[in-house]
Amino acid sequence: MSEEKVYKGRCYCGACTYEVKAKKPLQSILCHCNECKLSHSAAVYYVVYVSGDNFKLTSGEPTFWIPKTMADFEKPSSGKLARAFCPTCGCRICNRIRATPEEAAATGQLPEGFKGEWVEQWGVFPPNIWHTYEEIPEDWRPAFHTWVSQTMLGGLVDDGLPQNLRAFFDKDSWIPRKK
């Protein structure tokens, strides 16, 4: 297991910076959903989630945007997800998520011994911290693909990671692994 370290991330121009201090993330995901692809202008969205206690903005004042709808889920936004952008270069910096303890437990992201009304989590983007796959600590590397039903990569991805057709907390949409 990785030792607890401080990882420093930044936007493209360096005006907004942050630190993440944790042994490993709560989740490490490669997401193929339409909303993530649009918000990142990329074919795949690589995000790791850490608890609120493990994340700190260290410089700059990002612009937070809360989507009005969650298109992939076809329901109005709960306001629990806010996307942060650098106001200078426009680079995505992080996501701030507020979940109920029940929601966090359902996705395996409830911190041990948590007591409170809301669980605050931050989604950070490994390309803002590391530059090559080899630099990424093993515990921070992608654990699975989600929303592969919406992939732009020509069918299912064949890299050996577990895959889910829809949201990763939908236990009925996991694709059996090939042997």
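Residues numbered from 1 in each chain as written. Predicted model: local features only at pLDDT ≥ 70, side-chain atom pairs only at ≥ 80, totals over all residues. Heavy atoms only, no water.

### Here we look at the overall build of the chain
Move 1: Looking only at helices and strands, one finds two helices and 14 strands in the chain.
Move 2: Per-residue burial for the chain yields a buried fraction of 44% across its 179 residues.
Move 3: Sequence-distant contacts, at least 24 apart, represent 54% of the contacts inside the chain between residues at least 6 apart.
Move 4: Summed over its atoms, the accessible surface of the chain is roughly 10300 Å², and 53% of this surface lies on carbon and sulfur atoms. (Helix = DSSP H or I, 4+ residues; strand = E, 2+ residues; numbered from the N terminus. Buried < 20%, exposed > 50% of the residue type's maximum accessible area, 1.4 Å probe, protein only. Contact = heavy atoms within 4.5 Å. Areas by Shrake-Rupley, 256 points an atom, 1.4 Å probe, with all protein chains shown as cover.)

### Section: the sheet that holds strand 5 (residues 55-59)
Move 1: An order of 1-2-5 is seen for the three strands of this open sheet, with the pairing classed as antiparallel. Either end of the sheet is taken by a strand with one partner, and the two such strands are strand 1 (5-10) and strand 5. When the angles between neighbouring strand axes are averaged without regard to direction, this sheet yields 25 degrees.
Move 2: Sheet topology note: the strand 2 (residues 17-22)/strand 5 ladder contains four bridges and is antiparallel. In the strand pairing of strand 5, Glu 19 is matched with Lys 56. (Pairing = 2+ DSSP bridges. Axes fitted to C-alpha atoms, helices over the stretch in contact; angles between N-to-C directions.)

### Quick word on the confidence of the model for the chain
Move 1: Looking at the chain, the pLDDT average stands at 79 and 74% of residues meet or exceed 70.
Move 2: Across residues 71-77 the pLDDT falls below 50, and counting only partners more than four positions away or on other chains, this stretch makes 19 contacts in the model. (pLDDT = per-residue confidence, 0-100.)

### Considerations on the environment of Ala 82
Move 1: Relative to the assigned elements, Ala 82 resides in strand 9 (residues 81-85).
Move 2: Given a relative accessible area of 1%, Ala 82 falls into the buried group.
Move 3: As for Ala 82 and Cys 94, which are separated by 12 residues in sequence, their C-alpha atoms are 8.6 Å apart.
Move 4: Discounting chain neighbours no more than four positions away, the residues touching Ala 82 are Phe 64, Trp 65, Ile 66, Cys 94, Asn 95 and Arg 96.

### What about the pattern of salt bridges?
Move 1: Considering all chains together, one arrives at one salt bridge under this definition.
Move 2: One salt bridge in this structure joins Lys 8 and Glu 19, with 3.5 Å as the shortest N-O distance. With Lys 8 in strand 1 and Glu 19 in strand 2, this pair connects stretches of sequence that are 11 residues apart.
Move 3: The class for Lys 8 is exposed, based on a relative accessible area of 58%. (Salt bridge = Lys/Arg side-chain N within 4 Å of Asp/Glu carboxyl O.)

### Remarks on the nonpolar core
Move 1: In terms of nonpolar packing, the biggest core is built from 22 residues, with Tyr 18, Val 20, Phe 55, Ile 93, Cys 94, Val 124 and Trp 140 touching the most fellow members.
Move 2: Of all elements in the fold, only strand 2, strand 4 (45-51), strand 10 (92-99) and strand 11 (119-124) reach the threshold of two or more residues within this core.
Move 3: Ile 93 has contacts with Cys 11, Cys 16, Tyr 18, Pro 62, Ala 84, Phe 85, Cys 86, Phe 125 and Asn 128, leaving out every residue within four places of it along the chain.
Move 4: In terms of nonpolar packing, the next biggest core, distinct from the first, is built from 12 residues, Cys 31, Tyr 45, Val 47 and Phe 125 among them. (Core = buried A, V, L, I, M, F, W, Y, C linked by side-chain atoms within 4.5 Å.)

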